[in-house]
Amino acid sequence: MFKYDAALMRWTRFLFAVALLFPLPLAAAQQKVIVLGFDGVDARYTEKWMNEGKLPNLARLRQMGTFRPLRPTIPAQTPVSWSTFSTGIDPGRTGIFDFLRRDPKTYLPLFAAFDETKEPFLLGEKNPVLAAVAVLIVLSLLALIFRRAARVVILAIAVIAAVGAYVNTRRYIPISRPGVINRRQGIPFWEAAANAGKKSTVVHVPVTFPAHDFPAGELLSGLGVPDLSGRIGKPFYFTSELDFHRAGSSNEFSIDVVQLEDNKGVIPTKIQGPPNKLFGNPPYIFIPMTLTVADDRNSVEISVSGQKFSLRPGQWSGWTEFVFPFNPLIKVHGISRFHLISSQPELKLYLSPINFDPRKLPPGFKISAPRAWASELAQVHGLYKTLGWQIDTWAISEGFATEQMFWDDMNWTVTQDRKMFDSFLNNDSDLLVQQFEFPDRVGHVFWRLMDPQHPAYNATLVPQWGDALQRAYQLMDSIVGDAMQAAEKHHAALIVLSDHGFASFRKSVNYNTWLVTNGYLSLKTGVQVRERNVEMLFDQGQFWENVDWSKTRVYAMGLGEVYINLRGREAQGIVQPGEEYDALKRELKQKLVAMVDPETGDHPVRRVLSREEVYRQFDPNMIPDLFVTNNDGYRVSWQTSLGGIPKQLIEPNKQVWSGDHCSVDPEIVKGIFFYNRKLNTDRAPYIADVYPTVLGLLGVKAPYELDGVELR
Ligand SMILES: [Zn+2]
């Protein structure tokens, strides 16, 4: 008896000692994990403001656990970095290495993350015949219950009705509808967790559209969900100003400017809705709108889609619902908000991009998994923005919106998202992942007011807006406070991270111009080249109209990528694979880094990396040959990203879009990584490390070999 007890004691002590040696894995297998993502939060500014006592919650999280700068992907772009976050694999394997890829057969740009498709609508081509047959069968069966004389009459009616059904189905029911395929490869960690029986709630992670079903939990898609026009986001600006010119506009983002015929009284106008991809004619679906300026001209009444309300200058409307009819049977439902900028002397009315109404989504348009969750969220929390890029950065960038308008829209959006987040923090999920985009959007448009050296620095705006980014980080800090409270309550592991940092975008570098000047890219003479804007991605004709491919060895496209015109890969490739290709890459590496900004003598290019140095695995037909990263202050120009070839090599960036990260060296634009635990490793976290770290906490095995490592 005694002997048995002593043995048991020894065993108990041994097990206890083992448990003390490995406290994490034993405790970890059962706990809740919260992953809170913020887009574009920079490590340097976070650290600075933590040290100044401005971010108390993050400072406390650092003190009790871990804070380290986070290494983003190469390149440090939003869809790229978040795709690697979701899947634990490098961009070479996710296939999301930029927002654009190119078709080597045509040299034309394509979206990297999505492919558009045509899906059959109901039964496609067979719709009219099947409708006619269905009507014929139903009426014939009905005829059987009647006496013979009546039966003949009913059968005659059945034939007529079937012909009618055929004709009307052909007229009103499309045979196909537009569809979207998400091209990102890999299995997101919430799906791996769900396959192991863990329940997840996933909100607004970029490149999760269309929403993919998984066994347990729910997901709401983020960046990638289009607005009703099919764009990343297109606001409207109705104005009575005659011959309206865009003040300081770059024309690179699209705004739908609508000229109003009068500035007083009753003004009829219309709103352009979705492109008519169902029937083709007319090309767009419009709905009428009537604006009535009050007699005292201090307010405007808006009448649209059966709603009527008045706004005073400076006022925002609530959610307004729009119904765009393709025909009497098929309608698309949108929601948006108006803002009256002025009612006199000129009428200026802003309308946010029109979001798909989450309660009435078109068939096949899937922004949540399960599909019904989007609508349930609206019932519980009220209407919300379904658009992936939620906050309007386009109107302020093009001079249509003031700082205050941008800020109001940002706050309003975050309040809505935060309401949902606070409720998810206390749901029964094992894993909660939510991403907030606002720090990135604020960084893009307010950086000019933090950097006196920025060409768009405006001293008069600084007193009110110079601290906008700091205020955005403080807003983030208070959301982190909510998460910390919930983590304590539920004994949850909490990871707070961003996908990349930020830098000042003072100057643009035109790589294609450099390639022309240095004899790598050859132009046909006498060809007029239009200035490019984002709209041309949707309506492409001749993208490279003045390029002579038979004499071109190198071209640049996307945000900082260089392609060799390689024989056997590009349609008109002239560079031989092997030694010629390798030598050309070596030469470009040396020469691009040596490029000099004639104004300052600085080097705009920090590193040129060949794809073999950046990714362990990749598709050689898709992944660019070279990645060019910039030094602080420089970024690849918009024109280069769109295949444009302006005259100047380096241009000052005078635009509101003044902070960026896209082509900046990832060593400069590091993101943040916070964890409510101390780490034993001294590894600098890489964004792909989050995947194995979260699965480790949940006690779930990774489904494949990863490019990140578990942080413990
Ligand atoms: Zn980002």
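Throughout this description, residue numbers start from 1 for each chain and increase along the sequence as written. The predicted origin of the model limits local features to residues at a pLDDT of at least 70 and limits the giving and counting of side-chain atom pairs to 80 or more, whereas totals for whole chains, interfaces and linings rest on all residues.

1. Some words on the domain arrangement of the chain
The test is simple: Where each domain begins and ends is defined by an automated method or by a domain database.
Splitting the chain by domain gives domain 1 (100-111 + 506-660), domain 2 (122-173) and domain 3 (229-359). With centres defined by C-alpha atoms, the gap from domain 1 to domain 3 works out at 38 Å.

2. Observations regarding helix H15 (residues 468-490)
Cut-off, in case you're wondering: Going along the chain from the N terminus, every DSSP run of H or I of four or more residues is numbered as a helix, and every run of E of two or more is numbered as a strand. Expected span of a helix, by definition, is 1.5 Å for each gap between consecutive residues, and there is one gap fewer than residues. Residues with at least 20 other C-beta atoms within 10 Å of their own are called buried, those with 12 or fewer are called exposed, and the rest are partly exposed. The C-beta atoms themselves are positioned from the backbone.
Compared with the 33 Å implied by 1.5 Å per residue over 23 residues, the 33 Å span of H15 between its first and last C-alpha is a close match. Here H15 has its buried residues at Ala468, Leu469, Ala472, Tyr473, Leu475, Met476, Asp477, Ile479, Val480, Ala483, Met484 and Ala487.

3. Regarding the pairing of strand E1 (residues 33-38)
Put simply, side chains in a regular strand alternate between the two faces of the sheet. The following threshold applies: By this definition, two strands are paired if DSSP reports at least two bridges between them.
Most of E1 sits inside the fold, with six of its six residues counted as buried. Of the two faces of E1, both are covered, the one formed by Val33, Val35 and Gly37 as well as the one formed by Ile34, Leu36 and Phe38. Judged from the six bridges that link them, E1 and strand E21 (residues 431-436) form a sheet pairing that is parallel. If you follow valine 35 over to E21, its bridge partner there is valine 433.

4. Describing the nonpolar core
Stated formally: Here, a nonpolar core means buried Ala, Val, Leu, Ile, Met, Phe, Trp, Tyr and Cys residues linked by C-beta atoms lying within 7 Å of one another. Once C-beta atoms are placed from the backbone, any two residues with those atoms within 7 Å are in contact.
Counting 173 residues, the largest nonpolar core has Leu349 and Val694 as its most contacted members. A per-element tally of this core places H15 first, with 11 residues. Lining this core are residues from two domains, each supplying at least three of them: domain 1 (100-111 + 506-660) and domain 3 (229-359). Non-local contacts of valine 694, meaning those with residues more than four positions away in its chain, are made with Val33, Val35, Phe189 and Leu431.

5. A look at the sheet that holds strand E18 (residues 348-351)
Selection rule: To obtain each axis, a line is fitted to C-alpha atoms, and for helices this fit is confined to the stretch in contact; angles are then taken between N-to-C directions over 0 to 180 degrees.
Across the sheet, which stays open at both edges, the four strands sit in the order E10-E9-E18-E17 with mixed pairing between neighbours. In this open sheet, the two strands that pair with only one neighbour each are strand E10 (256-259) and strand E17 (338-342). Strand-to-strand twist of the sheet, defined as the mean angle between neighbouring strand axes without regard to direction, takes the value 20°. In this structure, E17 lies alongside E18, joined through four bridges in antiparallel fashion. Bridge pairing links phenylalanine 338 to leucine 351 in E18.

6. Considering the packing of helix H12 (residues 403-424) against helix H13 (residues 438-446)
Selection rule: Any angle between 65 and 115 degrees counts as roughly perpendicular, while under 35 counts as roughly parallel, over 145 as roughly antiparallel, and the rest as oblique. Residue polarity follows a fixed list, in which Ala, Val, Leu, Ile, Met, Phe, Trp, Tyr, Cys and Pro are nonpolar, Asp, Glu, Lys and Arg are charged, and the others, Gly among them, are polar.
Relative to each other, H12 and H13 sit at 170°, their axes nearing to 11 Å. When the interaxial angle is binned, H12 and H13 end up roughly antiparallel. Across the interface between the two elements, Phe406, Met410 and Val414 from H12 touch Phe438, Arg441, Val442 and Val445 from H13. Split by residue class, the contact of H12 with H13 holds six nonpolar, no polar and one charged.

7. Some points on the sheet that holds strand E11 (residues 266-275)
Sheet strands line up and pair through hydrogen bonds in the backbone, either parallel or antiparallel. Taken together, four strands build an open sheet; the order of strands is E11-E12-E13-E14 and the sheet is antiparallel. Strands at the two margins of the open sheet, each flanked by one partner only, are E11 and strand E14 (307-311). Pairwise comparison of adjacent strand axes, ignoring direction, gives a mean angle of 25° for this sheet. Two elements, E11 and strand E12 (residues 284-293), share eight bridges in a ladder whose sense is antiparallel. Looking across to E12, one finds that proline 275 is bridged to tyrosine 284.

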